[in-house]
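Analysis of the macromolecular model
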Amino acid sequence: MTVKRFLITGLGGLGGLWLAVACRSGQSPAMSPPDGGSGSDAGDDAGSPSCGSHAGSMPAGTGGNIDPSPSIAFTQVGLAAGIKRSNEPPSAGPFDPTNTLAYGVWLADLDGDGRLDYYAVNHSQTQHLSGLFLNTGSGGFGRNLFTVSFEDSFDSTLVDAPNLGNSNEMRFVGDLTGDGKVDLFFLGWYGLGTHCVNQGVTTHSDWSGPSFLCYGTGDGLAFADVNGDGKIDVLSMPIVDSSDFDVYATYYAQTVPHFWRLNNGDPDINHWPIVMDTDFPSLRITDPAAAAADSSFLDLNCDGIPDKIVGVPAPASRRGPYDTLVAGHQVFLGQASGTYRMLSGTGLEGATGPITRIEDINGDGCLDVGTDVTGYRDNQVWYIQNRSGSTCALTFTATPRTALPFYPGFKHYPVDIDNSGMLSQVVLIHGGFGNNDGQPPGVSIYRQLPDGSYAAIPPAQSGMNLEEFYADNLAPGDWDDDGRIDLGGSGDSGMPATDSGFGLWTSKLSTMNGWIKLTLPTVTGFFPGSATIEVFDTGFLGDAGHLVTPPRVLRTGRAWASQVYQLGIGTRSAVDVRVTFPDGRQATRSSVAPCSRLAIQPDP
């Protein structure tokens, strides 16, 4: 059983519109690196308000500079683009598809060439069943390198040897070792995890590509720098024998001990020192990604001191049809003294479903709580944190999904789907349990409009024909470098034109909106603080009232030199760009035209 807890200036008039159309033609240079899309899977904070900051106060383009009627459509090209696991180098040995179960897809630059590669996770990563496909830069992907790239990690005699056959779901894609290469972290059964370190590109007799060396460890629940040293740390829990593993206490009531592994640069995560949950208030939340990933380490009141939510175990006879229900939840507020204070009357005392999502789902700057009685397969029930003025009130109200700004479904991905500069929501909606409130199962796109509302685009209209599977997922990114954000993803094994459910939907967006793409070669490896990319209307550099798109915030472990950041700019003929680097230095570029590709480093 798998358990989830997911440069031309002065253009105007027709000239400006023509250039925007040219950006959409797909005739971009083949060697130009594509973009990682929304940033949510890439790990930055694209458009997420800081704690306590109301998203509605963040400018996200203006109606006069946005195509009001973009055509948003997608086509499945998985098999046609080369996503076929049986296409392996001869040295991989005979291909055997037995036990194939598509359990997730990720787009990331795994070989450092700036192009988005494709990683397919099978439910049990034994040889041949997962997939690692390198982007050729010419409209497709090469052979499946998974078996050969992970060859050393199938050796059970290694120190802290992994069990790739136990691993079955991606937890994190990013740089855990500070070398600027993209590493992988997987969840497994029985609370186990697998940390796979990218060794870089090597050349062999019949293949060339990245190799990975993996280490067995405990599950990774959150990934962020929590002690301010600029290294990304990992929230985990003790490893126990499978016969002693208690799935209810671990993932549903969440009462087992937790600890942070503090990154010391050793590639073997098991050598990192730990801080137990009894001492969590001594740590500080410097990265919102840590504050909303697991209920044992939250910042509910925006004071930077970790808080926590703990389930009250229910008797075995009262845990419901899925053995998941708890007898309510208790909220503990971290204190500057290093202790916790339990709150009463929070509104979560009657929340009996296990917590499966913690995030600011309504965009008001306060963390909300999502529960799911199945534990990991259905659309969440949401408890919205109340807000009093500028304060998160630490009380929660059960709120219908249909009353939220967009229908949140099972999973959602903030994506600038039309290059308007505004973050739409691409939502996976599950209908298998009948809790979809009349919404169509599959993928719905909620396009954000200039007034902050959303317009729903159902699957039948967009062509996103993902067939529901309880572990389906999406991965945004411009894999073919045409300036349109595509969607990798996995779903039911019978999806047409896919390799047993491993798919890739290419965008056929038609719009007058344009884009720019940036690389930040020095924002890589470990670094304290954050880097920020801001885009403004021309002539208004630094004026928050003229932001074209929400600022893109980059943090340690989630940025590397080859990563490309695409930012939609609407129908503007030019924009101004400002980058603030982790050391506080800035670089600016003025009158940047649509289709521009810039590598920006700190000004001297």
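Bear in mind the structure is a predicted one, so any value in this text is a computation, not a measurement. (Residues numbered from 1 in each chain as written. Predicted model: local features only at pLDDT ≥ 70, side-chain atom pairs only at ≥ 80, totals over all residues. Heavy atoms only, no water.)

Turning our eyes to something else, we now look at the pairing of strand S5 (residues 141-144). Two strands pair when backbone bridges link them, and strand S4 (residues 131-135) and S5 are joined in this way by 2 bridges, in the antiparallel orientation. When the sheet's bridge partners are listed, Asn 135 is paired in S5 with Phe 141. Between S4 and S5, which pair antiparallel in sequence order, lie 5 residues; one of them, Gly 137, sits at a positive phi of approximately 80 degrees. (Pairing = 2+ DSSP bridges. Helix = DSSP H or I, 4+ residues; strand = E, 2+ residues; numbered from the N terminus.)

Turning next to the pattern of salt bridges. Inspection of every chain in the model, using the stated rule, returns 16 salt bridges. Of the charged contacts in the structure, one is a salt bridge between Lys 517 and Asp 481, with a shortest N-O distance of 3.0 Å. Taken together, the positions of Lys 517 in strand S28 (residues 514-519) and Asp 481 in the loop between strand S25 (473-477) and strand S26 (486-490) put the pair 36 residues apart, joining distant regions of the chain. Judged on exposure class, the residue Lys 517 and its partner Asp 481 are both buried. Close ionic contact of Arg 572 with Asp 537 constitutes a salt bridge, the shortest N to O distance being 2.6 Å. Here the residue Arg 572 occupies a position in the loop between strand S31 (564-570) and strand S32 (575-580), and Asp 537 occupies one in strand S29 (residues 530-537), the gap between them amounting to 35 residues. In terms of burial, Arg 572 and Asp 537 fall into one category: buried. (Salt bridge = Lys/Arg side-chain N within 4 Å of Asp/Glu carboxyl O. Buried < 20%, exposed > 50% of the residue type's maximum accessible area, 1.4 Å probe, protein only.)

Read across the sheet, 4 strands follow the order S1-S27-S26-S25 without closing on themselves; strand pairing throughout is antiparallel. At either margin of the open sheet sits one strand with a lone partner, and together these are strand S1 (74-76) and S25. Averaged over neighbouring strand pairs, the angle between their axes works out to 25 degrees when direction is ignored. In terms of strand pairing, S26 meets strand S27 (residues 502-507) through 4 bridges, oriented antiparallel. Paired with Leu 487 across the strands is Trp 505, a residue of S27. (Axes fitted to C-alpha atoms, helices over the stretch in contact; angles between N-to-C directions.)

Here strand S18 (residues 368-371) runs beside strand S19 (residues 381-388); their pairing, made up of 3 bridges, is antiparallel. Note on S19: the bridge partner recorded for Thr 371 is Val 381. Connecting S19 to the next strand, strand S20 (residues 391-399), in antiparallel fashion are 2 residues, including Gly 389 with a positive phi near 65 degrees.

A full pass over the atoms with the stated rule returns 2 disulfides. Here Cys 196 connects covalently by a disulfide to Cys 214, the sulfurs 2.1 Å from one another. Taking the sign of the S-S torsion, about 105 degrees here, the bridge from Cys 196 to Cys 214 comes out right-handed. Pair noted here: Cys 196 is in strand S8 (residues 192-203) and Cys 214 is in strand S9 (residues 208-218), with a separation of 18 residues, a long-range link. The exposure class assigned to Cys 196 is buried, which follows from its relative accessible area of 0%. Residue class for Cys 214 comes out buried when judged on its relative accessible area of 1%. Note that Cys 366 is cross-linked by a disulfide to Cys 392, the S-S spacing being 2.1 Å. (Disulfide = S-S within 2.5 Å.)

As a further point, take the environment of Tyr 103. As for its placement among the helices and strands, Tyr 103 is situated in strand S2 (residues 102-108). Sequence separation between Tyr 103 and Phe 469 is 366 residues, and the spatial gap between their C-alpha atoms is 9.0 Å.

What follows is about the sheet that holds strand S15 (residues 329-334). With respect to topology, 3 strands assemble into an open sheet ordered S14-S15-S16, the strand pairing being antiparallel. In this open sheet, the two strands that pair with only one neighbour each are strand S14 (308-311) and strand S16 (340-343). The average angle at which neighbouring strand axes cross in this sheet is 30 degrees, direction not considered. Where S14 lies against S15, 4 bridges are found, and the strand directions are antiparallel. What sits directly across from Val 310, in S15, is Gln 330.

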